[in-house]
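# Architecture and fold: a report
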Amino acid sequence: MLSEVYDRLRAEIVSGEFGAGAALVELALAERYGTSRTPVREALRSLEQDGLVERGERGMRVRTRSPEEILEIYEVRISLEATAAAAAAQRHTDFDLIRITRAQTAMAARPTSEPAAMAAANRTVHEAVWAASHNGTIVDLLTRLNNHLTRYPATTLSVAGRWEEALKEHEDIIAAITERDSERASTLARDHMAKARELRLQIYREEALG
């Protein structure tokens, strides 16, 4: 029951059913999902750890969004993505390269008419690079940061020209990893995520202006 409540509540937060700042009252949620308050309380606790909810003056609420938060998230993510790419260049196995290249091929074949599918394909490439770092701490931290970004549903890949640009940047990062050039892999990954940060801020500003 806990997993079911967590999955449903998380999905509704990510989809925007519960908007930023929305109050998350245990009793109301228990009635909504047809359960007791205990699994709701545990689900809220897990979602707080994921960075999707926060404690407000009147209890739990959906975490609010801000440009400052975007900067904070990307400040950490840029460094971690660069570290992951460098580690992948140093430690990757043949299987790691197969997984990364397959993910990249699948991403390139993804139609650009489906933003959610585009974002998922892009995430799979990044996750394959994380796995190739063979550093569980990096994978865990990047996964948590990615959870934070699910509250910003618009994908940067929908910005004109970014899809093709991102694919090319991935190819360059993968080439550096393949050649075990850790310094170049780190630099390319850092630049790749820095561009994503600027586009994420651009999208936020445009949404704020309505």
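Here's what I pulled together on the structure shown here. What you see is a predicted model, and the numbers here were worked out from it, not measured in a lab.

## Describing the pattern of salt bridges
In total, this model carries 17 salt bridges according to the counting rule given. Linking Asp96 and Arg99 is a salt bridge whose minimum nitrogen-to-oxygen distance equals 3.2 Å. Here the residue Asp96 and the residue Arg99 both occupy positions in helix α5 (residues 94-108), the gap between them amounting to three residues, near one helical turn. Owing to a relative accessible area of 2%, Asp96 belongs among the buried residues under this scheme. For the salt bridge of Glu169 with Lys195, the shortest nitrogen-to-oxygen distance reads 2.9 Å. Taken together, the residues span a long stretch of sequence, with Glu169 in helix α8 (residues 162-178) and Lys195 in helix α9 (residues 182-209) at a distance of 26 residues. We classify Lys195 as partly exposed; its relative accessible area is 37%. Connected via shared salt-bridge partners are Arg162, Glu165, Glu169 and Lys195.

## Re α8
Since one α-helical turn is 3.6 residues long, residues separated by three or four positions face the same way. The end-to-end C-alpha separation of α8 is 24 Å, in line with the 24 Å expected for 17 residues at 1.5 Å each. Along α8, the positions that sit buried rather than exposed are Arg162, Trp163, Ala166, Leu167, Glu169, His170, Ile173, Ile174, Ala176 and Ile177. The inward-facing, buried residues of α8 abut α4 (67-91), α5, α6 (115-132) and α9. Among the residues trailing α8, Arg180 stands out with phi positive, at a value near 55°.

## Regarding the side chain of His126
Structurally, His126 is set in helix α6. Within the structure, His126 has its side chain in polar contact with the side chain of His170 (distance 3.3 Å). For His126, the contacting residues outside a window of four places in its chain are Arg77, Glu81, His170, His192 and Met193.

## Details of the environment of Ala89
The topology assignment puts Ala89 in helix α4. As a C-alpha pair, Ala89 and Glu72 span 17 residues in sequence and 26 Å in three-dimensional space.

Scoring rules and cut-offs
Residues numbered from 1 in each chain as written. Predicted model: local features only at pLDDT ≥ 70, side-chain atom pairs only at ≥ 80, totals over all residues. Heavy atoms only, no water. Salt bridge = Lys/Arg side-chain N within 4 Å of Asp/Glu carboxyl O. Helix = DSSP H or I, 4+ residues; strand = E, 2+ residues; numbered from the N terminus. Buried < 20%, exposed > 50% of the residue type's maximum accessible area, 1.4 Å probe, protein only. Expected span 1.5 Å × (residues − 1). Contact = heavy atoms within 4.5 Å. Polar contact = N/O pair within 3.5 Å; in protein donor to acceptor, adjacent residues only side chain to side chain.

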